[in-house]
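Spelled out, the chains give:
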Amino acid sequence: MDTVFDAVVVGAGPAGSIAARVLAEKGVKTLVLDKRQEIGAPKRCAEGINVASLKRVGIEPDPAWALRDIRGAILYSPSGRPFKVDLGKTSGYVLERKIFEKHLARDAIRAGARYMVKTLAKGVVLEDGRVCGVSAEFMGEEFTVRSRLVIAADGVDSKIARSAGLDTSNSLSDYHSGFQYEMAGLKLDDPDNLHIFFGADVAPKGYAWIFPKARDVANVGIGILGQLSGPGHRAREYLDRFIANRPEIFSGASPIEINSGGIPVGSAAPCLVADGLMVVGDAAHQVNPIHGGGIALAMNAAKLAAHVGAAALSEGDVSKERLGEYERIWREGDGVKLEKLLKLRAFMEKLDDDDLEKLVDILDSDEVIKLTNGEYGFLVKKFFRKAPKILPLARKFLT
Ligand SMILES: Cc1cc2nc3c(=O)[nH]c(=O)nc-3n(C[C@H](O)[C@H](O)[C@H](O)COP(=O)(O)OP(=O)(O)OC[C@H]3O[C@@H](n4cnc5c(N)ncnc54)[C@H](O)[C@@H]3O)c2cc1C
């Protein structure tokens, strides 16, 4: 095999394959390595994505992987009161991610990228402190690939950036522990909406979800703050109780798949570039801290990184300073929104069940949509009039 490339991308998740496609389209000789033997499997995801974020990276929805049209979400308060966030038309999809990721990889390969699966990247190769390739192993055989640029798109357990000296570690207070069953045989009243459940008994400092993939098939999962997890309080135990307490939905249903995984819900990693290296997606903690969704953010960051990376390669300058253009643009765009959402998460984590019930009384659907976009300027005024108990918390975290 050819062992000299312009760029090596580690990880063929959504971030890696978008980066590879953009690089290849710009004529960059690109190799993608993934340790999985099958791209897309196993999935560690509830598979929800909104329409706008697919458009943002130039992907047209395809019924082969955009399984179910979603019109909005129903949020359930701790006492079970439903709150409908109605977007009126198809606003998102529940994906078949195994097919979606293969689709992204096929597009990158058609654009000229080369892929290797079942290939574990062990670390970057450093020369004079600069990243200049990756050491890897395929079926027990070790080899080194040299490249002027490495993109670390290796997900939440990322080791590649760390092997280059960047700090991408997660603290338990900024880490959600996720557990999920894909289940068939459910009795779903409303399979056109996502269903999201809150409350200290349901999912402390997190939420449980039912994301329909068909009338009677859904991803049923839970994400809770990692530091709260312990015997009797593990994500799986909360999920099993959630299911057992809702026989009207789950009697007659069985799992057809089990997934679990971590979700980095803190700030983006402190530094996203080094000489010859860029970090994107979950590896860089580019995840929405409120709902834990990261596919859209990962793909957008990857697209941006690949544009900057391709330009840097053609100029012959892959220094940290040159690649830093990616970090600057990202922090001024999605980064600003994520920092706002991080404050909202800190505020939400302080609310008790009574406070959450109060929110259902006083907020409307448009306001909840604003909150998910990090717009919460209106909240303090609203709490001043209608929820004085929550006001001090809002002042502390949101102003
Ligand atoms: C339970 C759960 C539910 C979720 N639900 C949603 C949701 O509904 N919507 C949403 O938007 N997001 C969701 N997320 C988050 C979403 O899955 C991630 O944000 C997204 O996958 C990030 O994409 P990525 O390409 O950065 O990383 P990943 O998708 O994790 O891809 C990383 C790739 O790198 C490969 N890799 C890792 N290390 C190496 C190595 N050393 N060598 C070679 N290959 C390597 C892996 O095999 C993998 O293919 C969920 C996460 C969890 C855990």
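Residues numbered from 1 in each chain as written. Predicted model: local features only at pLDDT ≥ 70, side-chain atom pairs only at ≥ 80, totals over all residues. Heavy atoms only, no water.

K.L.:
Mind showing me how you'd approach the domain arrangement of the protein chain here?
P.N.:
The accessible area lost on association of the parts is a frequent measure of interface size. Each assigned domain of the protein chain is listed with its residue range as follows: domain 1 (4-47 + 97-170 + 266-337), domain 2 (75-94 + 172-264) and domain 3 (350-398). For domain 2 and domain 3, the distance between their C-alpha centroids amounts to 23 Å. Each side of the interface is counted separately: domain 2 has 13 residues, and domain 3 has ten residues. Regarding the contact of domain 2 and domain 3, the summed buried area is about 950 Å², with carbon and sulfur atoms giving 61% of it. Counting the surface domain 2 buries against domain 3, the share from its top three residues, Pro78, Arg81 and Phe83, is 53%. At the boundary of domain 2 with domain 3, the tally comes to two salt bridges. Across the salt bridge formed by Arg81 and Asp361, the nearest N and O atoms sit 2.9 Å from each other. Counting across the domain 2 and domain 3 interface gives six residue pairs in polar contact (both at pLDDT 80 or more). Each residue belonging to the side of domain 2 that touches domain 3 can be placed in one class, and the counts come to seven nonpolar, three polar and three charged. (Domains from an automatic or database assignment. Contact = heavy atoms within 4.5 Å. Buried area = accessible area lost by both parts, 1.4 Å probe. Salt bridge = Lys/Arg side-chain N within 4 Å of Asp/Glu carboxyl O. Polar contact = N/O pair within 3.5 Å; in protein donor to acceptor, adjacent residues only side chain to side chain. Nonpolar A, V, L, I, M, F, W, Y, C, P; charged D, E, K, R; others polar.)

K.L.:
Teacher, can you tell me more about the site of the ligand here?
P.N.:
Asp34, Arg36, Ala46, Arg97 and Asp282 are the nearest of the 33 residues found near the ligand. For the ligand, an oxygen atom lies 3.3 Å from a polar atom in the backbone of Arg44. Here Glu47 contributes a backbone N or O atom positioned 3.2 Å from an oxygen atom of the ligand. Coverage of the ligand by the protein amounts to 92% of the 1,000 Å² it exposes when considered alone. Contributions of two or more residues to the shell around the ligand are made by helix H1 (14-25), strand E9 (119-127), strand E14 (207-214), strand E16 (254-264) and helix H7 (295-315). When grouped by side-chain class, the residues that make up the shell around the ligand number 14 nonpolar, eleven polar and eight charged. Shared between two domains, the shell around the ligand holds at least three residues of each, these being domain 1 (4-47 + 97-170 + 266-337) and domain 2 (75-94 + 172-264). (Near = heavy atom within 4 Å. Areas by Shrake-Rupley, 256 points an atom, 1.4 Å probe, with all protein chains shown as cover. Helix = DSSP H or I, 4+ residues; strand = E, 2+ residues; numbered from the N terminus.)

K.L.:
Would you mind going over the nonpolar core with me for this structure?
P.N.:
Side chains of nonpolar character tend, in soluble globular proteins, to be buried together. By size, the foremost hydrophobic cluster in this structure holds 115 residues, and its most contacted members are Leu277, Met299, Tyr326, Phe347 and Phe383. Setting aside chain neighbours within four positions, we find Phe383 in contact with Phe347, Leu359, Ile362, Pro388, Ile390, Leu391 and Ala394. Counting 24 residues, the second largest nonpolar core, distinct from the first, contains Tyr76, Leu188, Ala208 and Ile249. (Core = buried A, V, L, I, M, F, W, Y, C linked by side-chain atoms within 4.5 Å. Buried < 20%, exposed > 50% of the residue type's maximum accessible area, 1.4 Å probe, protein only.)

K.L.:
Hey, could you run me through the side chain of Asn288 in this one?
P.N.:
Mapped onto the elements, Asn288 comes out in the loop between strand E18 (277-279) and H7. Dropping the residues within four chain positions of it, Asn288 is found in contact with Val265, Gly293, Leu297, Leu338, Leu341 and Thr372.

K.L.:
Would you take a moment to explain empty space enclosed by the protein for this structure?
P.N.:
Any empty space left between the atoms is revealed when a probe the size of a water molecule rolls over them. Going through the model one piece at a time under the given rule, you end up with one cavity of 30 Å³ or more. One number sums up the size of the largest cavity: a volume of about 60 Å³. Considering the residues around the largest cavity, the lining is formed by His176, Tyr207, Trp209, Gly223, Ile263, Val265, Pro289, Ile290, His291 and Gly292. Of the residues contributing to the lining of the largest cavity, the split by class is six nonpolar, four polar and no charged. For the lining of the largest cavity, the domains that each give at least three residues are domain 1 (4-47 + 97-170 + 266-337) and domain 2 (75-94 + 172-264). (1 Å grid on protein atoms, 1.4 Å probe; cavity = no way out; pocket = protein on both sides within 12 Å on 5 of 7 lines; lining within 4 Å. Points joined across faces, edges and corners; volume = space filled by probe spheres on them.)

K.L.:
How do you make sense of the layout of surface pockets when you look at a structure like this?
P.N.:
Roughly 160 Å³ of volume is contained in the second largest pocket. If you go around the second largest pocket, the residues you meet are Tyr76, Lys187, Leu188, Asp189, Asp190, His195, Phe197, Ile210, Arg246 and Ile249. Here the lining of the second largest pocket is built from residues that sort into five nonpolar, one polar and four charged.

K.L.:
I tried to follow the sheet that holds strand E15 (residues 217-225) on my own but got confused; where do I start?
P.N.:
Strand pairing in a sheet relies on backbone hydrogen bonds. The paired strands run either parallel or antiparallel. Strands sit in the order E6-E5-E13-E14-E15-E12-E16 across an open sheet of seven strands; the sheet is mixed. One side of each edge strand has no neighbouring strand; the edge strands of this open sheet are strand E6 (82-86) and E16. Here the average twist between neighbouring strands, direction ignored, is 20°. Across nine bridges, the pairing between strand E12 (residues 175-184) and E15 is antiparallel. (Pairing = 2+ DSSP bridges. Axes fitted to C-alpha atoms, helices over the stretch in contact; angles between N-to-C directions.)

K.L.:
Explain the state of the cysteines here, please?
P.N.:
Note: disulfide means a covalent bond formed between the sulfur atoms of two cysteine side chains. Per the stated rule, a full pass over the model turns up zero disulfides. Here Cys132 is not disulfide-linked; the sulfur of Cys271 is the nearest cysteine sulfur, at 18 Å. (Disulfide = S-S within 2.5 Å.)

K.L.:
Looking at this structure, how should I read unusual backbone geometry?
P.N.:
Where the residue is not glycine, phi is negative for most of them; where a peptide bond is considered, it is trans in most cases. For the peptide bond that leads from Ala41 to Pro42, omega is -5°, which places it in the cis range. Within the fold, Pro42 resides in the loop between strand E2 (30-33) and strand E3 (48-50). The phi torsion at His285 lies on the positive side, around 60°, for a residue other than glycine. Along the chain, His285 falls in the loop between E18 and H7. Owing to a relative accessible area of 6%, His285 belongs among the buried residues under this scheme.

K.L.:
How should the packing of aromatic side chains be read in this particular structure?
P.N.:
Geometrically, a pair of aromatic rings is defined through the distance of the ring centres and the angle of the planes. Enumeration according to the criterion identifies nine aromatic pairs in this entry. A ring pair is formed by Phe197 and Phe242, whose centres lie 4.8 Å apart and whose planes are at 70°; its orientation type is edge-to-face. Taken together, the residues Phe197 in strand E13 (residues 193-197) and Phe242 in helix H5 (residues 235-244) connect sequence positions 45 residues apart. Judged by relative accessible area, which is 3%, Phe242 ranks as buried. Consider the rings of Trp209 and Phe211, whose centres lie 6.2 Å apart with planes at 45°: the pair is tilted. By the burial criterion, Trp209 is buried, and Phe211 matches it. Following the ring pairs from residue to residue traces out a cluster consisting of Tyr76, Phe197, Phe242 and Phe250. Stacked on the ring of Tyr238, the Lys or Arg Arg241 has its end atom at 4.7 Å from the ring centre. A cation over an aromatic ring shows up here: Lys370 above the ring of Phe378, its NZ or CZ 5.5 Å from the ring centre. (Phe/Tyr/Trp six-rings, centres within 6.5 Å; stacked < 30°, edge-to-face > 60°. Lys NZ or Arg CZ within 6 Å of the ring centre and 35° of its normal.)

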